[in-house]
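Chain by chain, the residues:
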Amino acid sequence: MATLLQLCQPFDHAVMAAVQSIGSAVMDKVMLFFTFFGEETCCILLLIGVYWCWNKRLGEYMLFSLYTAMSLNGLMKDLICRPRPFLNENFSDLRYVKTKGLMVDTEHLSDSWSFPSGHSQTAGSIYGSLMNGRRPWVKICGVVIILLVMTSRVYLGVHYPTDTIVGAVLGLLCAWVCGLLFRRFYQHRILLLGAAVLLSGLMLLVNPSGDSIKTLAMGVGAVLGMWLEDGLVEFRSANGFFGGALRLVVGFVLIMAIRIGLKAVLPDMMWCHALRYGLMGFFATFLWPWVFTKLGF
């Protein structure tokens, strides 16, 4: 694989140079906006919005697809170990848009591998799940969003074009395969998600990094929460706009409080990060559904 990726470098450089030829301060902001559609925060908001407010079964399917894609992406990155383009001397003439913000952070990426693109694979899986079986205009919108995320990663200089192509294809494949499994074995959906969690556990054997710990912890929390919700809550989609908005806004604020607030008060230790992400998964699939069901909104 390393040899094949090396042979792709002329193609990668030519495409990156072409994409970055439109570079400007305004375009930087535009591309940062596009890349947000593949960010963790955006995917969490979209996922819980569907799961809590619109279609519970679709939300479960999206979670299964997204988690499978995340697990596969982390495992492949740690096995292939491709450095980022801004760390490659052959790409030193190209731009690297470095930024650190609450919504988008490209500054820390030197500590992670490049292939395949996590943002592209995430976009392929989550928007691919939304596209599956939908009307043509929904599929067109989904494809456009995925392409914008892919382009933004190349423009920002954090991924090679081959990273984004392979990532998006793998994400769409995850959405398709998980959709087949979900329709066939829906009654065993908790076991299906548990299998995806076991896949993420393989990352710990390859490289017990902070990201692999967070992914595994969030999956364990989500599986436990889904199992309890299935027996104790069995919530339904929101009745009306107000109830759905209340579920989403308050719930999202509480999830961000777990993610960001606990990070500020807990020590910077691996088990603390695992606790935060485990609580996020458990809160989203059990605690908050239990609360809004009891309160009747």
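Structural data are supplied above this passage.
For the structure given in this document, a descriptive report is provided here. (Residues numbered from 1 in each chain as written. Predicted model: local features only at pLDDT ≥ 70, side-chain atom pairs only at ≥ 80, totals over all residues. Heavy atoms only, no water.)

Here we look at the overall build of the chain
Defined as follows: Helix and strand definitions here come from DSSP, where helices need a minimum of 4 consecutive H or I residues and strands a minimum of 2 consecutive E residues; each element is numbered from the N-terminal end. For each residue, the accessible area found with a 1.4 Å probe, counting protein chains only, is set against the maximum for its type, and the residue is called buried under 20%, exposed over 50%, and partly exposed in between. By definition, residues are in contact when any of their heavy atoms lie within 4.5 Å. What sets the accessible areas is the Shrake-Rupley method with a 1.4 Å probe; for residues, cover comes only from the shown protein chains.
Check the secondary structure of the chain and you find twelve helices and zero strands. Helices and strands in the chain line up, N terminus first, as α-α-α-α-α-α-α-α-α-α-α-α. The C-alpha extent of the chain, read off along each of the three principal axes, is 60 × 45 × 35 Å. Counting only residues that meet the buried cut, the chain has 51% of its 297 residues in that class. By sequence separation, contacts in the chain at least 24 residues apart represent 81% of the contacts at least 6 residues apart. Accessible surface, the chain as shown: approximately 14,300 Å² in total, 70% of it carbon and sulfur.

Regarding the state of the cysteines
Our working definition: Pairs of cysteine sulfur atoms within 2.5 Å are what we label disulfides.
Summed over all chains, the structure comprises zero disulfides. Between cysteine 43, a cysteine without a disulfide, and cysteine 42, which holds the nearest cysteine sulfur, the sulfur-to-sulfur distance is 5.6 Å.

What about the environment of alanine 274?
Residue position: alanine 274 is located in helix α12 (residues 270-295). By relative accessible area, alanine 274 is classed as partly exposed at 22%. Between the alpha carbons of alanine 274 and valine 26 there is a distance of 37 Å; along the sequence they are 248 residues apart. Excluding residues that lie within four positions of it along the chain, alanine 274 makes contacts with Ile213 and Ala217.

Digging into the packing of helix α7 (residues 136-155) against helix α8 (residues 161-184)
As a reminder of what qualifies: Angular values range over 0 to 180 degrees, each being the angle between N-to-C directions of two axes fitted as lines to C-alpha atoms, with helices fitted over their stretch in contact. Oblique is the label for every angle not falling under 35 degrees (roughly parallel), over 145 degrees (roughly antiparallel), or within 65 to 115 degrees (roughly perpendicular). Take the far helix as the reference: if the near one is turned anticlockwise from it by less than a right angle, the crossing is left-handed, and if turned clockwise, right-handed. Each residue is assigned to one class: nonpolar for Ala, Val, Leu, Ile, Met, Phe, Trp, Tyr, Cys and Pro, charged for Asp, Glu, Lys and Arg, and polar for all the others, Gly among them.
Direction vectors running N to C along α7 and α8 enclose 150°, while the axes themselves pass 9 Å from each other. It follows from the interaxial angle that α7 and α8 lie roughly antiparallel. As α7 runs across α8, the sense of the crossing is right-handed. Only Pro161, Thr164, Ile165, Ala168 and Leu172 of α8 make contact with α7, whose side of the interface consists of Ile146, Met150, Arg153 and Val154. By residue class, the composition of the contact of α7 with α8 is seven nonpolar, one polar and one charged.

A short note on the packing of helix α5 (residues 56-80) against helix α6 (residues 118-131)
Where α5 meets α6, the axes come as close as 9 Å, and the angle between the chain directions of the two elements is 160°. Viewed along their axes, α5 and α6 adopt a mutual orientation that is roughly antiparallel. For the pair α5 and α6, the sense of crossing is right-handed. Residues Leu58, Tyr61, Met62, Ser65, Leu66, Ala69, Leu72, Asn73 and Lys77 of α5 pack against Gly118, Gln121, Thr122, Ser125, Ile126, Ser129 and Leu130 of α6. Partitioned by chemical class, the residues of the contact of α5 with α6 number eight nonpolar, seven polar and one charged.

Thoughts on the nonpolar core
Selection rule: Nonpolar cores are built from buried Ala, Val, Leu, Ile, Met, Phe, Trp, Tyr and Cys residues. Side-chain atoms within 4.5 Å join them into one set.
The biggest cluster of nonpolar side chains holds 71 residues, and the ones touching the most others in it are Trp52, Leu193 and Ile255. With nine residues, the top contributor of residues to this core is helix α4 (residues 40-54). When residues no more than four places from it in sequence are discounted, the contact partners of isoleucine 255 are Ile44, Ile48, Trp52, Met280, Phe283 and Ala284.

Regarding the packing of aromatic side chains
Applicable threshold: Stacked, tilted and edge-to-face are the three classes applied to pairs of Phe, Tyr and Trp rings, where Trp contributes its six-membered ring and a pair requires centres within 6.5 Å; stacked means planes under 30 degrees apart, edge-to-face means over 60, and tilted covers the rest. Any Lys NZ or Arg CZ found within 6 Å of a ring centre and within 35 degrees of that ring's normal is scored as a charge over the ring.
Scanning all chains against the criterion turns up 16 aromatic pairs. Judged by centre distance (5.1 Å) and plane angle (75°), the ring pair of phenylalanine 182 and tyrosine 186 falls under edge-to-face. An identical accessibility class is assigned to phenylalanine 182 and tyrosine 186; each is buried. When the ring centre of phenylalanine 235 is taken as origin, the NZ or CZ atom of lysine 56, which lies over that ring, is 4.6 Å away.

Points about a nonpolar patch on the surface
Stated formally: Each patch is built from salt-bridge-free residues with over 30% relative accessible area, joining like charges within 9 Å and nonpolar side chains (Val, Leu, Ile, Met, Phe, Trp, Tyr) within 5 Å. Salt bridges are counted wherever a side-chain nitrogen of Lys or Arg sits within 4 Å of a carboxyl oxygen of Asp or Glu.
Taken together, the side chains of Phe11, Ile165, Val169, Leu173, Trp176, Val177, Leu180, Leu181 and Phe185 define a hydrophobic patch exposed on the protein surface, amounting to about 780 Å² of accessible area. The dominant element in the nonpolar patch, judged by the number of residues it contributes, is α8, at seven residues. As for its placement among the helices and strands, valine 177 is situated in helix α8. The partly exposed category is assigned to valine 177, whose relative accessible area is 38%.

Details of the pattern of salt bridges
For the structure shown, the criterion picks out seven salt bridges. A salt bridge links arginine 82 to aspartate 12, with the shortest nitrogen-to-oxygen separation between them at 3.0 Å. Highlighted residues: arginine 82 in the loop between α5 and α6 and aspartate 12 in helix α2 (residues 9-20), separated in sequence by 70 residues. Side by side, arginine 82 and aspartate 12 carry an identical accessibility label, which is buried.

The values reported here are purely geometric and, on their own, carry no functional implication.
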